[in-house]
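Architecture at a glance
The primary structure of each chain is shown beneath.
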Amino acid sequence: AGVFACLIVAIVIAAMFMTAEYRRGLIRVTLAASPRRGRVLAAKALVAAAVMFVAGLVAVIIAVLGGIAVVHSQFGYVYPVTTLTAVRVVAGTALLIAVVAVLAVALGAILRRTAAAVTVGIVAVVLPYVIGIGSVLPIGAAQWLLRVSPAAGFAIEQSIPAYHQVSSSYAPAFGYYPLAPWAGFAALCGWVALACALAAVLIRRRDA
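Predicted, not measured: the structure shown is a model, and the values here were computed from it.

1. Here we look at a nonpolar patch on the surface
On the surface, a nonpolar cluster with roughly 590 Å² of combined accessible area is contributed by Tyr 77, Tyr 79, Val 81, Ile 160, Tyr 163 and Val 166. Its location among the elements puts Val 81 in the loop between helix H3 (37-73) and helix H4 (83-111).

Next up, the structure:
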């Protein structure tokens, strides 16, 4: 649940990396100082990704360690995972936040409006996930949505294995994803790459 809050904050802040300059007219100063517009976009995306990765990593580590301590204090059971799985979930979640921040920077460059960029970012990333796990759609449609939308990146958090010999409802609502963790993350990165490519073309062709 905390990842949703982090993602929304990351989308808002990262989108403003671009839109704030357009709103105040400062983009002309930036592009005059650095005429290579693609480099400006890349620099903003890199800074947003780095900041959000560090902030997300710290937040996830605190949440995981604190959550485990709380569960143990209440005599609860924490499903055991391997060290590599734990590292992948923690670092992967931070990467998820960082990559979504890059998407927000690209959307800011494409749309030039904070409200529009934030809305599209949330609709593209968060809404498909909520629909996919919310039992709104049939299981097949929900799995398809989590394969082809940017919400596929949430698969990086999966830590519970699905066993082929066990007959069970391996549905998104129960924390299972149709793609493997890194495959889902790659699908998200593909969407981000497309958005960055479109943003690079538009920032070069349009007037500041």
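And the narrative resumes.
2. Some points on helix H1 (residues 2-24)
Over its 23 residues, H1 runs 32 Å from end to end, which matches the ideal 33 Å to within 8%, given 1.5 Å per residue. Where H1 bends most, at Phe 17, the angle is about 45°. Along H1, the residues that are buried comprise Val 3, Leu 7, Ala 10, Ile 11, Ala 14, Ala 15, Met 18, Thr 19, Ala 20, Glu 21 and Tyr 22. Just downstream of H1 lies Gly 25, where phi reads positive at about 80°.

3. Comments concerning unusual backbone geometry
Notably, Phe 75 is not glycine yet its phi reads approximately 60°, a positive angle. Tracing the backbone shows Phe 75 in the loop between H3 and H4. For Arg 112, which is not glycine, the phi torsion reads 65° and is therefore positive. Within the fold, Arg 112 resides in the loop between H4 and helix H5 (114-133). Arg 112 sits in the buried class, given a relative accessible area of 18%.

Thresholds applied
- Residues numbered from 1 in each chain as written.
- Predicted model: local features only at pLDDT ≥ 70, side-chain atom pairs only at ≥ 80, totals over all residues.
- Heavy atoms only, no water.
- Patch = residues over 30% accessible without salt bridge, like charges linked within 9 Å, V, L, I, M, F, W, Y side chains within 5 Å.
- Areas by Shrake-Rupley, 256 points an atom, 1.4 Å probe, with all protein chains shown as cover.
- Salt bridge = Lys/Arg side-chain N within 4 Å of Asp/Glu carboxyl O.
- Helix = DSSP H or I, 4+ residues; strand = E, 2+ residues; numbered from the N terminus.
- Expected span 1.5 Å × (residues − 1).
- Bend = angle between axes of the 7 residues up to and from the residue.
- Buried < 20%, exposed > 50% of the residue type's maximum accessible area, 1.4 Å probe, protein only.

What is shown is where atoms sit, not what they do.
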